[in-house]
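A closer look at the structure
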Amino acid sequence: TSLPNRVIKSALEQQLLPELAGHYDTVRPEVRYGEENKSRIDFLLTGKDEKPIYLEVKNVTWAKATQALFPDTVTTRGQKHLRELMSLLPTAQPIMLYFINRGDCTSFAAGESADPKYAELLADAIAQGVTVLPYRFNITPDGYEFLGQAEI
């Protein structure tokens, strides 16, 4: 379960993610934030843009045909993360990065049948300005390959 964060950390340090490259100088993992600093964001990116970038990573393994879906079960923790990302607006740029570790998926959607509340919160987050990056990866024993962004 730690693979997505390791891969994303490496990609961030090398400025490999196209939508983010050039918008930060510093990558800080596991930074406390939120109400009373009780949460941790996966990555805080700072330096080049006026607004800090708060990046949360979710591992996506569930698929129907070629559509990746998140979540695959009710996730009160994931719901909390979406609420906290929305609370950062407008002083920061919150980003939800979905790490799709299936090379066979070309699109992404909320797993509404598994967690309707999460799907509702994700739609609200997008409407309020939270950036959603569903990134596709092909994972093999020899490493990983970044396949680009999935369609939403």
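Before going into details, it helps to say that this report is about the structure given with it. (Residues numbered from 1 in each chain as written. Predicted model: local features only at pLDDT ≥ 70, side-chain atom pairs only at ≥ 80, totals over all residues. Heavy atoms only, no water.)

**Section: the sheet that holds strand β7 (residues 107–110)**
Pairing is mixed across the open sheet formed by 3 strands, whose spatial order is β4-β5-β7. The open sheet has two edge strands, β4 (62–64) and β7, and neither has a second partner. The average undirected angle you get between the axes of adjacent strands in this sheet is 35°. Bridge analysis of β4 against strand β5 (residues 67–70) gives 3 bridges, and the strand direction is antiparallel. Residue Ala63 lies in a different strand from β5, and its bridge partner there is Ala68. (Pairing = 2+ DSSP bridges. Helix = DSSP H or I, 4+ residues; strand = E, 2+ residues; numbered from the N terminus. Axes fitted to C-alpha atoms, helices over the stretch in contact; angles between N-to-C directions.)

**Digging into helix α2 (residues 76–87)**
Under the 1.5 Å per step criterion, the end-to-end length of α2 is 17 Å for 12 residues, consistent within 8% with the ideal 16 Å. Looking at the packing, one finds that the buried side of α2 touches β1 (26–33), β2 (39–46), β3 (53–60), β6 (93–100) and α3 (116–128). (Expected span 1.5 Å × (residues − 1). Contact = heavy atoms within 4.5 Å.)

**With respect to the side chain of Arg136**
Position of Arg136 among the secondary structure elements: in strand β8 (residues 131–140). Among buried Asp, Glu, Lys and Arg side chains, Arg136 stands out as unpaired, with Asp104 the closest opposite charge at 7.8 Å. Reaching out from Arg136, the side chain makes a polar contact with the backbone oxygen of Cys105 at a distance of 2.5 Å. Ignoring sequence-local partners within four residues, the contact set of Arg136 consists of Ile100, Gly103, Cys105, Thr106, Glu145, Phe146, Leu147, Gly148, Gln149 and Ala150. (Buried < 20%, exposed > 50% of the residue type's maximum accessible area, 1.4 Å probe, protein only. Lys, Arg positive; Asp, Glu negative; His and termini not counted. Salt bridge = Lys/Arg side-chain N within 4 Å of Asp/Glu carboxyl O. Polar contact = N/O pair within 3.5 Å; in protein donor to acceptor, adjacent residues only side chain to side chain.)

**Some details on the sheet that holds β3**
The sheet built from 6 strands is open, its strands ordered β1-β2-β3-β6-β8-β9 with mixed pairing. Where the open sheet ends on each side, the last strands, each with one partner, are β1 and β9 (143–149). In this sheet, neighbouring strand axes are inclined to one another by 35° on average, regardless of whether the strands run parallel or antiparallel.

**As for helix α1 (residues 3–13)**
Within α1, burial applies to Pro4, Val7, Ile8, Ala11 and Leu12. For α1, the angular spread of the buried residues around the axis is 130°, confining them to a single face. Looking at α1, the residues exposed on the side facing more than 90 degrees away from the buried face are Arg6 and Glu13. Each element contacted by the buried residues of α1 is listed here: β1, β2, β3, β6, β8 and β9. Backbone geometry just downstream of α1 places Gln15 in the positive-phi region, at approximately 55°. (Arc of directions from axis to C-beta.)

**Concerning the pairing of β3**
Here β3 lies mainly inside the structure; 7 of its 8 residues are buried. Summarising the sheet, β2 and β3 pair through 3 bridges and their orientation is antiparallel. Residue pairing in the sheet places Phe43 in a bridge with Leu55 of β3. Summarising the sheet, β3 and β6 pair through 8 bridges and their orientation is parallel. Counted as the bridge partner of Asn59 is Phe99 from β6.

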